[in-house]
Amino acid sequence: MNLEELLFSKTHEWVAVEASGDESVATIGISAFAVEALTDLVFIELPEVGRQVEAQQPFCEVESVKAVSDIYAPVDGEVVAVNEQLPDNLELLSSDPYGAGWIAKIRVSNPAGLNDLLNHSAYQQQCDQEAH
(Lines give C-alpha, C1' and ligand atoms only; values in the text may rest on other atoms or scores of the structure.)
Protein backbone atom coordinates (compact mmCIF):
# COMPACT_ATOMS: atom_id res chain seq x y z
CA MET A 1 0.00 0.00 0.00
CA ASN A 2 1.43 3.37 -0.98
CA LEU A 3 1.05 5.68 2.04
CA GLU A 4 1.25 8.75 -0.19
CA GLU A 5 -2.02 7.72 -1.88
CA LEU A 6 -4.00 7.16 1.34
CA LEU A 7 -6.40 9.63 2.90
CA PHE A 8 -6.60 10.08 6.66
CA SER A 9 -9.16 11.27 9.19
CA LYS A 10 -8.22 13.54 12.06
CA THR A 11 -9.05 10.61 14.37
CA HIS A 12 -6.27 8.46 12.80
CA GLU A 13 -8.22 6.19 10.46
CA TRP A 14 -6.78 5.68 6.97
CA VAL A 15 -8.76 5.27 3.77
CA ALA A 16 -7.79 3.62 0.48
CA VAL A 17 -10.45 4.28 -2.18
CA GLU A 18 -11.05 1.92 -5.07
CA ALA A 19 -13.43 3.25 -7.73
CA SER A 20 -15.31 0.88 -9.99
CA GLY A 21 -17.73 2.57 -12.36
CA ASP A 22 -20.07 4.75 -10.33
CA GLU A 23 -19.21 2.97 -7.09
CA SER A 24 -16.36 3.61 -4.67
CA VAL A 25 -15.31 1.19 -1.96
CA ALA A 26 -13.09 2.49 0.84
CA THR A 27 -10.80 0.13 2.72
CA ILE A 28 -10.45 1.43 6.29
CA GLY A 29 -7.80 0.86 8.93
CA ILE A 30 -6.06 2.70 11.75
CA SER A 31 -2.71 4.39 11.25
CA ALA A 32 0.61 3.21 12.65
CA PHE A 33 0.56 6.38 14.81
CA ALA A 34 -2.76 5.26 16.35
CA VAL A 35 -1.58 1.69 16.90
CA GLU A 36 1.53 2.96 18.72
CA ALA A 37 -0.58 5.28 20.89
CA LEU A 38 -2.93 2.45 21.84
CA THR A 39 -0.05 0.08 22.73
CA ASP A 40 -0.89 -3.50 23.74
CA LEU A 41 -4.09 -4.42 21.88
CA VAL A 42 -6.22 -7.18 23.39
CA PHE A 43 -9.59 -7.12 21.54
CA ILE A 44 -11.36 -5.66 18.51
CA GLU A 45 -15.08 -5.51 17.89
CA LEU A 46 -15.65 -5.43 14.13
CA PRO A 47 -18.72 -3.77 12.60
CA GLU A 48 -21.42 -5.96 11.07
CA VAL A 49 -21.49 -6.39 7.31
CA GLY A 50 -24.53 -4.53 5.98
CA ARG A 51 -24.38 -1.86 8.68
CA GLN A 52 -24.89 1.74 7.55
CA VAL A 53 -22.23 4.05 8.98
CA GLU A 54 -21.85 7.82 9.15
CA ALA A 55 -18.62 9.74 8.82
CA GLN A 56 -17.15 10.82 12.16
CA GLN A 57 -19.35 8.37 14.11
CA PRO A 58 -17.98 5.30 15.94
CA PHE A 59 -18.43 2.10 13.93
CA CYS A 60 -16.28 -0.35 15.89
CA GLU A 61 -13.90 -0.38 18.82
CA VAL A 62 -10.50 -1.65 19.80
CA GLU A 63 -9.40 -2.46 23.34
CA SER A 64 -5.89 -2.16 24.67
CA VAL A 65 -4.57 -2.88 28.13
CA LYS A 66 -5.00 0.87 28.78
CA ALA A 67 -8.48 1.65 27.43
CA VAL A 68 -11.30 0.94 25.01
CA SER A 69 -11.12 3.26 21.99
CA ASP A 70 -13.73 3.95 19.35
CA ILE A 71 -12.79 3.68 15.71
CA TYR A 72 -14.65 6.25 13.65
CA ALA A 73 -16.02 5.79 10.16
CA PRO A 74 -14.14 8.22 7.91
CA VAL A 75 -16.89 8.07 5.25
CA ASP A 76 -20.65 7.57 4.95
CA GLY A 77 -21.74 4.24 3.55
CA GLU A 78 -22.43 0.55 4.04
CA VAL A 79 -20.00 -1.96 5.50
CA VAL A 80 -19.50 -4.55 2.74
CA ALA A 81 -16.63 -6.58 4.27
CA VAL A 82 -14.68 -6.93 7.51
CA ASN A 83 -11.26 -8.41 8.16
CA GLU A 84 -12.25 -11.70 9.80
CA GLN A 85 -8.58 -12.43 10.65
CA LEU A 86 -8.22 -9.51 13.07
CA PRO A 87 -9.99 -10.79 16.21
CA ASP A 88 -7.62 -13.76 16.42
CA ASN A 89 -4.58 -11.94 14.98
CA LEU A 90 -4.50 -8.46 16.51
CA GLU A 91 -0.77 -8.27 15.85
CA LEU A 92 -1.69 -7.57 12.19
CA LEU A 93 -2.72 -4.06 13.30
CA SER A 94 0.82 -3.48 14.56
CA SER A 95 2.86 -5.44 12.03
CA ASP A 96 1.00 -4.35 8.87
CA PRO A 97 -1.46 -1.54 9.68
CA TYR A 98 -1.76 -0.44 6.02
CA GLY A 99 -2.06 -3.92 4.53
CA ALA A 100 -3.13 -7.13 6.30
CA GLY A 101 -4.31 -5.01 9.27
CA TRP A 102 -7.22 -3.39 7.41
CA ILE A 103 -10.46 -3.35 9.43
CA ALA A 104 -13.41 -2.94 7.06
CA LYS A 105 -14.50 -2.05 3.55
CA ILE A 106 -17.26 0.53 3.15
CA ARG A 107 -19.26 1.21 -0.01
CA VAL A 108 -19.11 5.00 -0.08
CA SER A 109 -22.54 6.66 -0.29
CA ASN A 110 -21.31 10.27 -0.26
CA PRO A 111 -18.10 10.59 -2.33
CA ALA A 112 -17.93 14.34 -1.58
CA GLY A 113 -17.12 13.38 2.03
CA LEU A 114 -13.71 12.18 0.87
CA ASN A 115 -12.80 15.86 0.42
CA ASP A 116 -12.96 16.27 4.22
CA LEU A 117 -10.07 13.83 4.73
CA LEU A 118 -6.39 14.71 5.00
CA ASN A 119 -3.74 13.77 2.48
CA HIS A 120 -0.60 12.00 3.72
CA SER A 121 1.42 15.19 4.12
CA ALA A 122 -1.27 17.00 6.13
CA TYR A 123 -1.77 13.91 8.30
CA GLN A 124 1.97 13.70 9.03
CA GLN A 125 1.91 17.34 10.16
CA GLN A 126 -0.99 16.55 12.51
CA CYS A 127 0.88 13.57 13.99
CA ASP A 128 4.03 15.67 14.47
CA GLN A 129 1.99 18.28 16.37
CA GLU A 130 0.31 15.64 18.56
CA ALA A 131 3.67 14.01 19.37
CA HIS A 132 4.98 17.24 20.95
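Whatever comes next refers back to the structure up there.
Now for a look at the structure at hand. (Residues numbered from 1 in each chain as written. Predicted model: local features only at pLDDT ≥ 70, side-chain atom pairs only at ≥ 80, totals over all residues. Heavy atoms only, no water.)

### Re the overall build of the chain
Here is step 1: A tally of helices and strands in the chain yields three helices and nine strands.
Here is step 2: Starting at the N terminus and walking to the C terminus, you meet the elements of the chain as β-β-β-α-β-β-β-β-β-α-β-α.
Here is step 3: A compact globule built from 132 residues would reach a C-alpha radius of gyration of about 14 Å, and the chain, at 14 Å, matches this within 12%.
Here is step 4: Along the three orthogonal principal directions, the C-alpha set of the chain runs to about 40 × 30 × 25 Å.
Here is step 5: Of all 132 residues assigned to the chain, the portion counted as buried reaches 42%.
Here is step 6: Within the chain, residue pairs in contact and separated by at least 24 positions form 57% of the contacts whose partners lie at least 6 positions apart. (Helix = DSSP H or I, 4+ residues; strand = E, 2+ residues; numbered from the N terminus. Rg over C-alpha atoms; globule rule 2.2 N^0.38 Å. Buried < 20%, exposed > 50% of the residue type's maximum accessible area, 1.4 Å probe, protein only. Contact = heavy atoms within 4.5 Å.)

### Section: the sheet that holds strand β7 (residues 68–72)
Here is step 1: The strand order β4-β6-β7 describes an open sheet built from three strands, whose pairing is antiparallel. Bordering the open sheet on either side are β4 (41–45) and β7, each of which pairs with just one other strand. Taken pair by pair, the neighbouring strands of this sheet meet at an average axis angle of 25 degrees, ignoring direction.
Here is step 2: Taken together, the four bridges between β4 and strand β6 (residues 58–64) define a ladder with antiparallel strand orientation. For E45, the partnering residue across the bridge sits in β6 and is E61. (Pairing = 2+ DSSP bridges. Axes fitted to C-alpha atoms, helices over the stretch in contact; angles between N-to-C directions.)

### Comments concerning the environment of S31
Here is step 1: On the secondary structure map, S31 appears in the loop between β3 (23–30) and α1 (32–38).
Here is step 2: Each C-alpha atom, one on S31 and one on L93, is 8.7 Å from the other, the two residues being 62 residues apart in sequence.
Here is step 3: A distance of 2.5 Å separates a polar atom in the side chain of S31 from a polar atom in the side chain of Y123. (Polar contact = N/O pair within 3.5 Å; in protein donor to acceptor, adjacent residues only side chain to side chain.)

### As for the pairing of β6
Here is step 1: In this sheet, β7 lies alongside β6 in antiparallel orientation, the contact comprising five bridges. Looking at the pairing, P58 lines up with Y72 of β7.
Here is step 2: Turn length for the β6-β7 hairpin, with the two strands adjacent in sequence and antiparallel, is three residues.

### Here's the deal with the side chain of S31
Here is step 1: Exposure remark for S31: the relative accessible area of 0% places this residue in the buried category.
Here is step 2: S31 has contacts with F8, H12, W14, Y98 and Y123, leaving out every residue within four places of it along the chain.

### Focus on helix α3 (residues 120–131)
Here is step 1: The terminal C-alpha atoms of α3 lie 16 Å apart, and with twelve residues this matches the ideal 16 Å at 1.5 Å per residue to within 8%.
Here is step 2: Among the residues making up α3, those that are buried are H120, Y123, Q126 and C127. Down the axis of α3, the smallest arc covering the buried residues is 120 degrees, so these residues share one side. Across from the buried face of α3, at angles greater than 90 degrees, the exposed residues are Q125 and Q129.
Here is step 3: Residues of α3 that are buried make contact with β1 (7–8) and α1.
Here is step 4: Sitting at the head of α3, N119 places a side-chain oxygen 3.2 Å from the backbone nitrogen of S121. (Expected span 1.5 Å × (residues − 1). Arc of directions from axis to C-beta.)

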